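Residues per chain, in single letters:
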Amino acid sequence: MSLLPLFDDHEQAAPQAARLAPKLHALAARGVYFGTSSWKYDGWLGSLYNPELYSTRGKFSQKKFESACLSEYARVFPVVCGDFAFYQFPSADYWKRLFESAPAPFLFAFKVPEQITVAKWPAHARYGPRAGKDNESFLNVELFRDLFARPLAHYSNQVAALIFEFGTFAKSVFANVDHFLDRLDPFLASLPIGFRYSIEIRNPEYLGPSYFSTLAHHGVAHVFSAWTRMPELAAQLELPGAFGADFTVARALLTRGRSYEEAVRTFEPYKEVKAPNTAVREALRSLAERAVQTHRPAFLFVNNRLEGNAPTTIEGVVDELV
């Protein structure tokens with residue numbers, strides 16, 4: 001894979017960007033794509049991002065930074081995970097602006113909107129009158145196809161994977177994994193061709209033969225997810241049938257046992273690694289090595305809330321690989 005050009009001398013790449021870019025380019029050429037969850041973080045200024053590029057009339061412009069930093073990001077990383085898509089169906093104009101801001105061969109993974117993956121709306125104020133009610137659009141393949149997949153089809157060569165993230169299902173929603181799979185299986189069978197699909201679950205008890213065989217039957221990947229209440233990544237890698245697709249997706253989100261709220265309090269504004277997670281780093285290395293050995297691509301994403309600073313976490317992983 002030929003990535004965007006590395007920084008020229010006159011572009012004054014930030015120190016970490018200059019170190020990381022050649023390493024990540026080399027790994028991507030071997031089918032290992034490291035990226036972060038989103039990219040608009042002020043805490044990365046001065047290390048990954050050059051603040052001088054986002055100055056207007058001699059002052060840092062937050063607006064300019066948020067609208068333009070993806071171009072700088074794409075010179076370092078080969079891929080990014082667009083978590084923003086979980087909360088909306090982006091318009092065709094939005095997709096056009098996004099993909100033009102980091103042209104091919106840079107890749108995006110996207111979380112599919114929660115309107116497709118939430119079975120029952122959380123009892124939270126942000127959901128307004130829907131809060132606590134069943135979601136009539138749950139696993140609605142027509143809605144997914146018409147409002148998400150079809151507008152994306154024009155850019156499919158830049159889509160690394162689509163991620164269906166399912167929150168933790170209560171027993172009152174699905175009594176067991178088989179009841180969930182009764183809904184999931186026909187949905188997967190009806191998905192439009194042209195994308196890599198992956199499933200992220202938050203019910204650890206679902207990780208068994210029926211779940212993995214259903215995904216494998218449709219060529220869909222299990223997302224290896226480091227998250228509060230999921231098994232450690234290393235344990236997930238050892239589960240029979242866990243690698244059922246011809247590609248791999250992993251998301252290193254949270255250290256097991258640490259809540260999202262605790263991670264935000266601990267790590268904001270995400271300037272530095274504060275709590276290294278050696279077990280997750282080693283599992284990510286294992287996934288990368290497996291991708292090279294099997295010649296099957298791996299898309300490996302790290303969140304700031306895992307250790308405090310996702311680019312530095314990734315740098316620590318890849319330094320042992322290249």
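Just so you know, these numbers come straight off a predicted model, no measurement behind them. (Residues numbered from 1 in each chain as written. Predicted model: local features only at pLDDT ≥ 70, side-chain atom pairs only at ≥ 80, totals over all residues. Heavy atoms only, no water.)

1. Thoughts on the packing of aromatic side chains
Here comes step 1: Following the criterion strictly, the structure yields 44 aromatic pairs and no others.
Here comes step 2: Ring geometry for Tyr41 against Trp44: centres 5.0 Å apart, planes inclined by 45°, an arrangement best described as tilted.
Here comes step 3: We classify Tyr41 as buried; its relative accessible area is 14%.
Here comes step 4: According to the relative accessible area criterion, Trp44 is buried, its value standing at 0%.
Here comes step 5: Their ring planes at 90° and their centres at 5.1 Å tell us that Phe106 and Phe108 sit as a pair that is edge-to-face.
Here comes step 6: Classification of Phe108 as buried rests on a relative accessible area of 0%.
Here comes step 7: Just above the ring of Phe86 sits the side chain of Lys111; from NZ or CZ to the centre is 4.4 Å. (Phe/Tyr/Trp six-rings, centres within 6.5 Å; stacked < 30°, edge-to-face > 60°. Buried < 20%, exposed > 50% of the residue type's maximum accessible area, 1.4 Å probe, protein only. Lys NZ or Arg CZ within 6 Å of the ring centre and 35° of its normal.)

2. Observations concerning the pairing of strand 8 (residues 221-226)
If a strand is regular, its side chains alternate between the two faces of the sheet.
Here comes step 1: Across the six residues of strand 8, six count as buried, placing the element largely inside the fold.
Here comes step 2: Alternating residues of strand 8 divide into Ala221, Val223 and Ser225 and His222, Phe224 and Ala226, and every residue in both groups is buried.
Here comes step 3: Pairing analysis gives two bridges linking strand 7 (residues 197-200) to strand 8, with the strands arranged parallel. Across the sheet, the residue bridging to Ser198 is Ala221, located in strand 8.
Here comes step 4: Crossover handedness for the path strand 7 to helix 7 (residues 209-217) to strand 8: right-handed.
Here comes step 5: Here strand 8 pairs with strand 9 (residues 248-252) via four bridges, running parallel. The residue bridging Phe224 from the neighbouring strand is Ala250, located in strand 9. (Helix = DSSP H or I, 4+ residues; strand = E, 2+ residues; numbered from the N terminus. Pairing = 2+ DSSP bridges. Right-handed = clockwise from strand over helix to strand, strands pointing away.)

3. Points about the state of the cysteines
Disulfide: a covalent bond formed between the sulfur atoms of two cysteine residues.
Here comes step 1: Following the criterion strictly, the structure yields zero disulfides and no others.
Here comes step 2: Cysteine Cys69 is unpaired, with the sulfur of Cys81 as its nearest cysteine sulfur at 16 Å.
Here comes step 3: The class of Cys81 is buried, set by a relative accessible area of 0%. (Disulfide = S-S within 2.5 Å.)

4. Comments concerning the pairing of strand 9
Here comes step 1: Across the five residues of strand 9, five count as buried, placing the element largely inside the fold.
Here comes step 2: Both faces of strand 9 are covered, namely the face carrying Thr248, Ala250 and Ala252 and the face carrying Val249 and Arg251.
Here comes step 3: Bridge analysis of strand 9 against strand 10 (residues 298-302) gives five bridges, and the strand direction is parallel. Residue pairing across strands places Ala250 opposite Leu300, the latter belonging to strand 10.

5. Considerations on the environment of Phe169
Here comes step 1: The topology assignment puts Phe169 in the loop between strand 6 (159-165) and helix 6 (177-189).
Here comes step 2: A C-alpha to C-alpha distance of 6.8 Å links Phe169 and Asn203, two positions 34 residues apart in sequence.
Here comes step 3: Excluding anything up to four places from it in sequence, Phe169 contacts Thr117, Ala119, Phe138, Phe174, Phe180, Asn203 and Tyr206. (Contact = heavy atoms within 4.5 Å.)

6. Focus: helix 3 (residues 92-101)
Here comes step 1: When we look at burial in helix 3, the residues that qualify are Trp95, Leu98 and Phe99. The buried residues of helix 3 occupy one face: seen down the axis, they fall within an arc of 90°. Opposite its buried face, helix 3 presents the exposed residues Asp93, Arg97 and Glu100, each directed more than 90 degrees away.
Here comes step 2: Against the buried residues of helix 3 lie helix 2 (62-73), strand 5 (107-111), helix 5 (141-152) and strand 6. (Arc of directions from axis to C-beta.)

7. A closer look at helix 2
Here comes step 1: Counted at 1.5 Å a residue, the expected span for helix 2 with its 12 residues is 16 Å, and the 16 Å between its end C-alpha atoms agrees.
Here comes step 2: Here helix 2 has its buried residues at Phe65, Cys69, Leu70, Glu72 and Tyr73. Considered in projection along helix 2, the buried side chains sweep an arc of 160° and stay on one side of the axis. Opposite the buried face of helix 2, by more than 90 degrees, sit the exposed residues Lys63 and Ser67.
Here comes step 3: The inward-facing, buried residues of helix 2 abut strand 1 (32-36), strand 3 (59-60), strand 4 (79-82), helix 3 and strand 5. (Expected span 1.5 Å × (residues − 1).)

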